[in-house]
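# Remarks on the overall topology
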Amino acid sequence: MKTSLFRFALMAALCASAMSAAAQDIQERTIRFGHLNNTDHPVSAGVQKFTELVAAKSGGKLKVKEFPASQLGNEMQQQSGLQGGVQEMSAPASTSLAGIVKEFGLIDLPFSVTDFGQADALLDGPLGQALIAKLPEKGLVALGFWDLGFRNVTNSKHAIGKPEDLAGLKIRVIPNPVFLDTFKAFKANPVPMPFAELYGALESRAVDGQENPYSVILSNKFYEVQKFVSATNHVYAANIVLVSKKFWDKLSPAEQKILQEAANEARGYQRQVSRAAAQKAVTELQAKGIQFNTIEPGEKARMQQVVKPVIEHFTSSYDPAIVKLYNDELARIRK
């Protein structure tokens, strides 16, 4: 009996010591989490869920402070802030990373996935991990992918029902080579522009249109300055949860684990919120007066043919091993 009690007391002491050590590994920190979207957008919902999880897992020591609506700058400014260590976290569209790791352009190749299940399988699997592994040398650490949604074209001129309808339109695109060449293939005039400048450009008619998921179109009130939204679904867009590597390297293993676990748990919630919001957004956009149209399967097939040379051009310039992984993963998830 005495031996058993001694062992129990020893184990309790060891557990208490381990818990104390773990607690000491978590310091009081404030994490500035910036993003481009308004607080009614699903990205903000993901940040808020992440904030709650981090607080719970750290006993309140790690505090996440959200800076929505481009308060910390546009896409490139926030990326530079992370790389320089003056900002801790952000959740940009993954498209913004193609300038520093060109293989991220694989995610942006048009018409590569057709539904959310395929998108999740591609990004959560080996391809997503291979892309994420390329970021630390660029000063960034990624904790996974959140949902932004399928991108669709809006404009102030006319509905898009066939490839020829895009010809001549000035379309704002993310400053990304894949997007530029995709819209050039349709004989449109793509205009690279930071997101924060987009509403003003649409309002002044400096550009005719833009392309984004439905929830972004609704949240940013593009219906006020656009007449048509067309269900092109030309690219699946994801947000990527980024941490400054300079900040990450200051964290203890316990703190790093908290952030990764919180990002993983917030991912499912954010995707659910985002996809529900996309379904509602179409109805709300129509109620606001914007004209919505779908595209016939035959015309969608013609669009896919138009962009085939774009896909071939970019895949020929990327790391062959990553391209092979991409193609293998697409073959797997399409079965």
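Structure: see above.
Residues numbered from 1 in each chain as written. Predicted model: local features only at pLDDT ≥ 70, side-chain atom pairs only at ≥ 80, totals over all residues. Heavy atoms only, no water.

## Examining the overall build of the protein
Scanning the protein from terminus to terminus reveals 13 helices and nine strands. Looking at the 335 residues of the protein, the share that counts as buried comes to 52%. Excluding contacts between residues fewer than 6 apart, the proportion of contacts in the protein whose partners are at least 24 apart in sequence is 78%. Element-wise, carbon and sulfur atoms account for 55% of the exposed surface of the protein, whose accessible area totals about 14800 Å². Here the protein contributes 38 positive and 33 negative side-chain charges, whose respective centroids are spaced 3 Å apart. (Helix = DSSP H or I, 4+ residues; strand = E, 2+ residues; numbered from the N terminus. Buried < 20%, exposed > 50% of the residue type's maximum accessible area, 1.4 Å probe, protein only. Contact = heavy atoms within 4.5 Å. Areas by Shrake-Rupley, 256 points an atom, 1.4 Å probe, with all protein chains shown as cover. Lys, Arg positive; Asp, Glu negative; His and termini not counted. Charge placed at Lys NZ, Arg CZ, Asp CG, Glu CD.)

## Topic: the environment of Glu 164
Its place among the elements puts Glu 164 in the loop between strand 4 (140-155) and strand 5 (170-173). For the pair Glu 164 and Thr 232, spaced 68 residues apart in sequence, the C-alpha separation works out to 13 Å.

## Examining the pattern of salt bridges
Any two side chains of opposite charge can pair if their charged atoms end up close together. Under the definition given, this model contains 21 salt bridges. One salt bridge connects Lys 257 with Glu 261, and the closest N-O pair in it is separated by 3.9 Å. A residue pair is termed a helical-turn pair when its members lie 3 or 4 positions apart in one helix, as Lys 257 and Glu 261 do in helix 10 (residues 253-287) at four residues. (Salt bridge = Lys/Arg side-chain N within 4 Å of Asp/Glu carboxyl O.)

## Quick word on the nonpolar core
Counting residues in each nonpolar core, the largest one holds 33 residues, and the members touching the most others are Phe 104, Val 113, Leu 135, Phe 145, Ile 240 and Leu 242. Within the residue set of this core, elements represented by two or more residues are helix 4 (116-124), helix 5 (126-132), strand 4, strand 8 (228-244), helix 12 (308-315) and helix 13 (320-333). Take this core: its biggest share by element is five residues, from helix 13. When sequence neighbours within four positions are dropped, the list of residues in contact with Leu 242 reads Leu 82, Glu 88, Met 89, Ser 90, Pro 92, Leu 97, Leu 135, Leu 140, Val 141 and Ala 142. (Core = buried A, V, L, I, M, F, W, Y, C linked by side-chain atoms within 4.5 Å.)

## Quick look at the pairing of strand 6 (residues 189-192)
When a strand is regular, its side chains alternate between the sheet's two faces. Pairing of strand 5 with strand 6 involves four bridges; the strand directions are parallel. Following the sheet pairing, Ile 171 is matched in strand 6 by Pro 190. You can see the chain leave strand 5, run along helix 6 (residues 177-185) and come back into strand 6, and the turn it takes is right-handed. (Pairing = 2+ DSSP bridges. Right-handed = clockwise from strand over helix to strand, strands pointing away.)

## Topic: helix 3 (residues 75-84)
Taken together, the buried positions of helix 3 are occupied by Glu 75, Gln 78, Gln 79, Gly 81 and Leu 82. Projected down its long axis, helix 3 shows its buried positions confined to an angular sector of 155°, all on one face. Looking at the packing, one finds that the buried side of helix 3 touches strand 1 (29-34), strand 3 (89-90), strand 4, strand 5 and strand 8. Sitting at the head of helix 3, Asn 74 places a side-chain oxygen 3.1 Å from the backbone nitrogen of Met 76. Directly after helix 3, the chain includes Gly 85, whose backbone phi takes a positive value near 85°. (Arc of directions from axis to C-beta. Polar contact = N/O pair within 3.5 Å; in protein donor to acceptor, adjacent residues only side chain to side chain.)

## Topic: the packing of aromatic side chains
All told, the structure shown has nine aromatic pairs when counted by the stated rule. For the pair Phe 33 and Trp 146, a centre-to-centre distance of 6.4 Å together with 20° between the ring planes defines the contact as stacked. Highlighted residues: Phe 33 in strand 1 and Trp 146 in strand 4, separated in sequence by 113 residues. For the pair shown, Phe 33 and Trp 146 are each scored as buried. Judged by centre distance (5.5 Å) and plane angle (50°), the ring pair of Phe 116 and Phe 150 falls under tilted. Placement of Phe 116 in helix 4 and of Phe 150 in strand 4 is noted, with a sequence separation of 34 residues between them. (Phe/Tyr/Trp six-rings, centres within 6.5 Å; stacked < 30°, edge-to-face > 60°.)

## Some points on a positive patch on the surface
A surface patch of like charges, here positive, comprises Lys 157, Lys 170, Arg 205 and Lys 227. Within the element layout of this structure, Lys 157 appears in the loop between strand 4 and strand 5. (Patch = residues over 30% accessible without salt bridge, like charges linked within 9 Å, V, L, I, M, F, W, Y side chains within 5 Å.)

## Describing the environment of Ile 322
Structurally, Ile 322 can be placed in helix 13. Taking the relative accessible area as the measure of exposure, Ile 322 reaches 8% and is therefore buried. The sequence separation of Ile 322 and Asp 115 amounts to 207 residues, and the corresponding C-alpha distance is 22 Å. Each residue touching Ile 322, except ones within four places of it in the same chain, is listed here: Glu 103, Leu 106, Leu 127, Ala 130, Leu 131 and Lys 134.

## With respect to the side chain of Asp 120
Among the secondary structure elements, Asp 120 is positioned in helix 4. When its relative accessible area of 17% is taken as the criterion, Asp 120 is described as buried. Here the side chain of Asp 120 touches Arg 275 through a polar contact of 2.8 Å, side chain to side chain. Apart from the residues lying within four places of it in its own chain, the contact partners of Asp 120 are Gly 125, Tyr 236, Arg 271 and Arg 275.

## So, the packing of helix 6 against helix 12
Two elements in contact, helix 6 and helix 12, have axes whose closest approach is 9 Å; the angle formed by their N-to-C orientations is 150°. In terms of orientation, helix 6 and helix 12 fall into the roughly antiparallel class. The chirality of how helix 6 crosses helix 12 is right-handed. Where helix 6 abuts helix 12, its residues Pro 177, Val 178, Asp 181, Thr 182 and Ala 185 lie against Val 310, His 313 and Phe 314. The class makeup of the residues in the contact of helix 6 with helix 12 is five nonpolar, two polar and one charged. (Axes fitted to C-alpha atoms, helices over the stretch in contact; angles between N-to-C directions. Parallel < 35°, antiparallel > 145°, perpendicular 65-115°, else oblique. Left-handed = near helix turned anticlockwise from the far one by under 90°. Nonpolar A, V, L, I, M, F, W, Y, C, P; charged D, E, K, R; others polar.)

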